[in-house]
Amino acid sequence: MNDQAIMENLLLTTKGVCDLYMHGAIESNTEGVHQAFDQALCDSLAMQGDIYKTMAAKGWYPAQQADAQQIAQVRQKFAQQ
């Protein structure tokens, strides 16, 4: 397994963990539990951001810039709903 595949797996795993922590925070019914999930979510989001930045710097996660026409199409789509 090469470095890029390892980083892709780390990113996917971290995204999944963020999803779980977010749902834990939403569903928690006590302040202490909510704060614990909230802090874990913040930490995981920071980790996910670091992984993404590393991958982007190495060219392993290229991001496309949306042009004005694409943005207008999406706006129009959601304005109709």
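Provided above is the structure to which this section pertains.
Here the structure is a predicted model, which means the values were calculated and not measured.

Focus on the overall build of the protein
- Broken down by element type, the protein carries three helices and zero strands.
- The linear arrangement of helices and strands in the protein, starting from the amino end, is α-α-α.
- C-alpha atoms of the protein, sized along the principal axes, occupy 45 × 45 × 15 Å.
- A total of 81 residues make up the protein; the buried ones form 16% of that total.
- Seen as two clouds, the 5 positive and the 9 negative side-chain charges of the protein have centres 12 Å apart.

Observations regarding the side chain of Ser 28
- Looking at the element boundaries, Ser 28 is found in the loop between α1 (3–27) and α2 (31–57).
- Residue classification places Ser 28 among the buried residues on the basis of a relative accessible area of 18%.
- Within the local environment of Ser 28, its side chain forms a polar contact with the backbone oxygen of Ala 25, the two atoms lying 3.0 Å apart.

Things to note about α2
- Between its first and last C-alpha atoms α2 spans 39 Å; for 27 residues at 1.5 Å apiece the expected length is 39 Å, and the two agree.
- For α2, the full list of buried residues reads Ala 40, Leu 41, Ser 44, Gly 49, Ile 51 and Met 55.
- As for α2, its buried residues are in contact with α1.

Basis of the calculations
- Residues numbered from 1 in each chain as written.
- Predicted model: local features only at pLDDT ≥ 70, side-chain atom pairs only at ≥ 80, totals over all residues.
- Heavy atoms only, no water.
- Helix = DSSP H or I, 4+ residues; strand = E, 2+ residues; numbered from the N terminus.
- Buried < 20%, exposed > 50% of the residue type's maximum accessible area, 1.4 Å probe, protein only.
- Lys, Arg positive; Asp, Glu negative; His and termini not counted.
- Charge placed at Lys NZ, Arg CZ, Asp CG, Glu CD.
- Polar contact = N/O pair within 3.5 Å; in protein donor to acceptor, adjacent residues only side chain to side chain.
- Expected span 1.5 Å × (residues − 1).
- Contact = heavy atoms within 4.5 Å.

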